[in-house]
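# Summary of structural features
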Amino acid sequence: MTPDQAADRLAYLAAEIARHNRLYHDQDAPEISDADYDALMRENAALEAAFPDLVRTDSPSLTVGSATTSRLSKVAHAKPMLSLGNAFTDDEVREFISRVRRFLNLSTDEIVALTAEPKIDGLSCSLRFEKGLLVQALTRGDGSVGEDVTSNVRTIKDVVSELRTGGNLPLPETFEVRGEVYMSKKDFAELNERQREIGGKIFSNPRNAAAGSLRQMDSSVTGERPLHFLAHGWGEVSERLADTQREMMGAIEAMGLKVSRLLTKVETVEAALAHYRSIEAERATMPFDIDGVVYKVDRLDWQQRLGQVARAPRWAIAHKFPAERAQTILNAIDIQVGRTGKLTPVARLEPVTVGGVVVSNATLHNADEIERLGARPGDRVVIQRAGDVIPQIVEVLSRDEDRPAFVFPTHCPVCGSEAVREEGEVDIRCTGGLICAVQRFERLRHFVSRGALDIEGLGEKTIDEFLALGWIKEPADIFRLSAHREALLEREGWKAVSVDKLLAAIEAKRAPDAARLLFGLGIRHTGIVTARDLLKRYATLPAIAELAQTIIALRDATQPVLGEADARFRNRLDKAVAEQIGVENVGAAVGHALADFFHEPHNVAVWDDLLAEVTPPPFVVETQASEVSGQTVVFTGKLLTMSRDEAKAQAERLGAKAAGSVSKATDLVVAGADAGSKLKKAAELGIRVATEEDWAAIVARAG
Ligand code: IVH
């Protein structure tokens, strides 16, 4: 790199990093991942090391407090921070209690006491006290790892820096108090007012304002933002202080932290629901936003036994308040193209406040929804907003009949390809696939991903880089990257070793597994299992292409007979398509998807181009001898370490057949979390049941 080029690049990096800092810190709206941000910082540091004379006065490496990175540091939680399951109706709350009873095997006359308290619409925070002193405050983050906001939390008045020795309870050595950081409605309005005056960021609701204020790099900014804290639980504690949730909350309060004044203990569901209604009645006049009531099983030994499912405790539930509604005008309906090609109609609304938030967009889901509502631009509509969910239009109130009805586009607004709706599907999709810019990146990423071609070293960032350079547009281009070897060597971050490693990884996939290649093309409904099923019967990709052409011809030739109802005709056609495929477990949807794919000439071009670069050997299923060879296995429940498809593929590899339902012919049922009726049936039929772990051991033993 010449000094001129380096100077240009440093100027670019200074501006770009400053922009990302603003997005992250001031606007709470980062555009790039932390890893990508760190890569920019590293690139900047490396360039400055190579050209020390070119270090800029506004260099990101010189900004205060950011020797390495200027972001909040990440810290693992001593105990994960869980989220909550939701209940929306009284019956769902009753069902929650029944579940608790069933799980603990309690009789119906045994009292299950609960605590009930408001669910505050803020952000959760874990405060760690050691020997009574506040040593660390972390945000929830992803539940396992949070962000260190200690110095910011120290500015919150409700948070004491030292715990009081509450009553006659001893202070535990380690005590993590968890609760909600929030901003009052009044302070939120005043903050936005000030922000407007100084041209700062306007927050959309008190919760975002609290989050943006807490996650500041500069704690003096947090100090100027009026934040509050209410405790609702605890994390790691070195000593057990009580036997119930209520007593624990009392202890936390005695130590000097705030607990909701509306926290109460109830002994029946009806009492819980009554408390819910009294809190709901207070909602509008409460100084801060709440979005429901949280019930928790009071006995801590029961909480312990109940444990958690996925990331939510079995011993607690959030009873949400109903969504809030408002009226406004539907100004326009825009079409957005998703990364999978799905065309989603978005309602542009005359801005209106719903539950304290200004709403100007709402989702319309799909064409059916527009039709169901009969919505057209100009209509007066009712919108509803539930928590953080995207607002919805629930009803059309009145309209100016002179305005034209809305017509859903027949072509993709991004690439102009035909947009089609499959039989029996609600979504309309762009058929542009790889020629559609929004889909290109996702498709290429999928193509090289681990489940598909698995090309090592070709990650998202690299795909992005090559796409921007115009080096790759479609899968086949990946196999022509060696033509850019010299140019790539010139680029920042690439060395001969890394370039050659990548090119070798690509070359190694010239004879890829046909099923992975087919799956990698991202044809709808064609997952890896379906791809394998198809290839077991058709062996080669040209044979699959031929099958698709046959289906296209079949579709053309099959016409409704006079007077035949639509549904009946569709049924007949689907049956014919499925028969044509002739593969167990592969239905008409797959056939139609293949036909649609090959119907688009540019997809055929992509396919031909790719097959000119790679030569997958005819497909043979290689199976390993194993203890389940020849057996029929059923997977049920939620698998935690792998997807259902992966599990089925493993079974197949071990010479077993993966079936969808339990019958006498089943040899083994692998039950994940929350397994239901299939597990019950297995027990009835006396079929062997294994856990996910047992299954992993079977796979491991097969080598
Ligand atoms: S208990 C183990 N209680 O809601 C259960 N959470 O939707 C953990 N929240 O992440 C939470 N008020 O940030 C609990 N009274 C309350 C709450 C509350 C608000 C938040 C909390 C949690 C989220 C789950």
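Quick note: structure is the one above.
Keep in mind that what you see is a predicted model, and the values were worked out from it rather than measured. (Residues numbered from 1 in each chain as written. Predicted model: local features only at pLDDT ≥ 70, side-chain atom pairs only at ≥ 80, totals over all residues. Heavy atoms only, no water.)

## A short note on the overall build of the protein chain
Looking only at helices and strands, the protein chain has 25 helices and 24 strands in total. Taking 703 residues into account, the globule formula puts the C-alpha radius of gyration at 27 Å, and the protein chain, at 30 Å, falls close to it. Across its three principal directions, the C-alpha atoms of the protein chain cover 80 × 80 × 70 Å. Taken across its 703 residues, the protein chain has 46% of its residues classed as buried. In the protein chain, of all internal contacts separated by at least 6 residues, the share reaching a separation of at least 24 is 68%. Entry remark: accessible area of the protein chain is about 34300 Å², with carbon and sulfur atoms responsible for 50%. Between the centroid of the 87 positive side chains of the protein chain and the centroid of its 104 negative side chains there is a distance of 3 Å. (Helix = DSSP H or I, 4+ residues; strand = E, 2+ residues; numbered from the N terminus. Rg over C-alpha atoms; globule rule 2.2 N^0.38 Å. Buried < 20%, exposed > 50% of the residue type's maximum accessible area, 1.4 Å probe, protein only. Contact = heavy atoms within 4.5 Å. Areas by Shrake-Rupley, 256 points an atom, 1.4 Å probe, with all protein chains shown as cover. Lys, Arg positive; Asp, Glu negative; His and termini not counted. Charge placed at Lys NZ, Arg CZ, Asp CG, Glu CD.)

## Some remarks on the nonpolar core
Generally speaking, nonpolar side chains in soluble globular proteins are found buried as a group. With 60 residues, the main nonpolar core has Phe466, Ile478, Leu518, Leu534 and Ile581 as its most contacted residues. Counting residues in hydrophobic clusters, the runner-up holds 37 residues, among them Leu72, Cys125, Met183 and Leu257. (Core = buried A, V, L, I, M, F, W, Y, C linked by side-chain atoms within 4.5 Å.)

## Considerations on the pattern of salt bridges
In this structure the tally under the stated criterion is 44 salt bridges. Two residues, Asp243 and Arg240, come together in a salt bridge whose shortest N-O distance is 3.3 Å. Here Arg299 makes a salt bridge to Asp301, at a shortest N to O gap of 2.7 Å. For Arg299, a relative accessible area of 35% puts it in the partly exposed group. (Salt bridge = Lys/Arg side-chain N within 4 Å of Asp/Glu carboxyl O.)

## Topic: the layout of surface pockets
The volume enclosed by the second largest pocket comes to roughly 1300 Å³. In terms of lining, the second largest pocket is formed by 30 residues, of which the most central are Arg9, Glu43, Lys461, Glu465 and Glu492. Breaking the lining of the second largest pocket down by element, the ones donating at least two residues are helix 1 (3-26), helix 2 (34-50) and helix 13 (460-469). Each residue belonging to the lining of the second largest pocket can be placed in one class, and the counts come to ten nonpolar, five polar and 15 charged. (1 Å grid on protein atoms, 1.4 Å probe; cavity = no way out; pocket = protein on both sides within 12 Å on 5 of 7 lines; lining within 4 Å. Points joined across faces, edges and corners; volume = space filled by probe spheres on them. Nonpolar A, V, L, I, M, F, W, Y, C, P; charged D, E, K, R; others polar.)

## Looking at the sheet that holds strand 13 (residues 316-320)
Spatial ordering of the open sheet is given by 2-13-10-3-9, a layout of five strands whose pairing is mixed. The sheet terminates laterally at strand 2 (86-87) and strand 9 (264-266), the two strands that pair on one side only. Of the strand pairs in this sheet, strand 3 (residues 114-120) and strand 9 are connected by three bridges, and their pairing is antiparallel. Bridge assignment links Ala116 to a residue of strand 9, and that residue is Thr264. On top of the sheet, helix 3 (residues 90-104) reaches strand 2, strand 3, strand 10 (290-297) and strand 13; it is set at about 175 degrees to strand 13, its chief contact. The sheet strands contacting helix 9 (residues 269-282) are strand 3, strand 9, strand 10 and strand 13, and the helix crosses strand 10 at an angle near 155 degrees. (Pairing = 2+ DSSP bridges. Axes fitted to C-alpha atoms, helices over the stretch in contact; angles between N-to-C directions.)

## Description of the sheet that holds strand 8 (residues 228-237)
Strand order in this open sheet of four strands is 5-4-7-8, and the pairing throughout is antiparallel. The outermost strands of the open sheet, each flanked by one partner alone, are strand 5 (133-139) and strand 8. Each adjacent strand pair in this sheet contributes to an overall mean axis angle of 30 degrees, direction not counted. Where strand 7 (residues 174-182) and strand 8 come together, seven bridges link them in antiparallel fashion. Among the inter-strand pairings, Val177 is bridged to a residue of strand 8, identified as Trp234.

## Some thoughts on the packing of helix 21 (residues 588-599) against helix 22 (residues 601-613)
Angle between the axes and distance between the axes are the two parameters that describe a pair of packed helices. At a closest axis distance of 5 Å, the pairing of helix 21 and helix 22 adopts a crossing angle of 90 degrees. In terms of their interaxial angle, helix 21 and helix 22 are classed as roughly perpendicular. Taking contact as the criterion, the partners of Phe597, Phe598 and His599 in helix 21 are, on helix 22, Pro601, Asn603, Val604 and Trp607. Looking at the contact of helix 21 with helix 22 residue by residue, the class counts come to five nonpolar, two polar and no charged. (Parallel < 35°, antiparallel > 145°, perpendicular 65-115°, else oblique.)

## Some thoughts on helix 20 (residues 566-581)
Spanning 16 residues, helix 20 covers 23 Å between terminal C-alpha atoms, matching the ideal 22 Å at 1.5 Å per step. On its buried face, helix 20 is in contact with helix 18 (528-538), helix 19 (541-557) and helix 21. (Expected span 1.5 Å × (residues − 1).)

## Topic: the packing of helix 18 against helix 19
Here helix 18 crosses helix 19 at 100 degrees, and the two axes come no closer than 9 Å. Compared by their axis directions, helix 18 and helix 19 come out roughly perpendicular. Along the contact surface, helix 18 presents Leu534, Leu535 and Tyr538, while helix 19 presents Leu541, Ala543, Ile544 and Leu547. Taken together, the residues that form the contact of helix 18 with helix 19 break down as seven nonpolar, no polar and no charged.

## Quick notes on the site of the ligand
Close to the ligand lie 14 residues, the nearest being Pro118, Ile120, Ser124, Glu180 and Lys296. Within the contact set of the ligand, a nitrogen atom lies 3.1 Å away from a backbone nitrogen or oxygen of Pro118. Interatomic distance of 3.0 Å between a backbone N/O atom of Ile120 and a nitrogen atom of the ligand. In isolation the ligand exposes 530 Å². Once the protein is present, 87% of that is buried. When residues of the shell around the ligand are traced back to their parent elements, those giving at least two are strand 3 and strand 10. The element contributing the most residues to the shell around the ligand is strand 3, with four residues. For the shell around the ligand, the class distribution of residues is seven nonpolar, two polar and five charged. (Near = heavy atom within 4 Å. Polar contact = N/O pair within 3.5 Å; in protein donor to acceptor, adjacent residues only side chain to side chain.)

## Topic: the packing of aromatic side chains
A full pass over the atoms with the stated rule returns eight aromatic pairs. Note on Phe466 and Trp471: the rings are 5.5 Å apart at their centroids and 40 degrees apart in plane angle, and the pair reads as tilted. Judged by its relative accessible area of 0%, Phe466 falls in the buried class. Consider the rings of Phe598 and Trp607, whose centres lie 4.8 Å apart with planes at 75 degrees: the pair is edge-to-face. As far as burial versus exposure is concerned, Phe598 and Trp607 are alike and both buried. Three or more aromatic residues joined by ring pairs form one cluster here, namely Phe466, Trp471 and Trp494. The ring centre of Tyr538 lies 4.6 Å from the NZ or CZ of Arg537, which sits over that ring. (Phe/Tyr/Trp six-rings, centres within 6.5 Å; stacked < 30°, edge-to-face > 60°. Lys NZ or Arg CZ within 6 Å of the ring centre and 35° of its normal.)

## Side note on unusual backbone geometry
Within the chain, Asn105 stands out as a residue other than glycine whose phi angle is a positive 60 degrees. Along the chain, the position of Asn105 falls in the loop between helix 3 and strand 3. Even without a glycine there, the phi angle at Asp674 is positive, about 60 degrees. Within the secondary structure layout, Asp674 lies in the loop between strand 23 (668-671) and helix 24 (677-685). A residue is classified by how much of its surface remains accessible, and Asp674, at 58% relative accessible area, is exposed.

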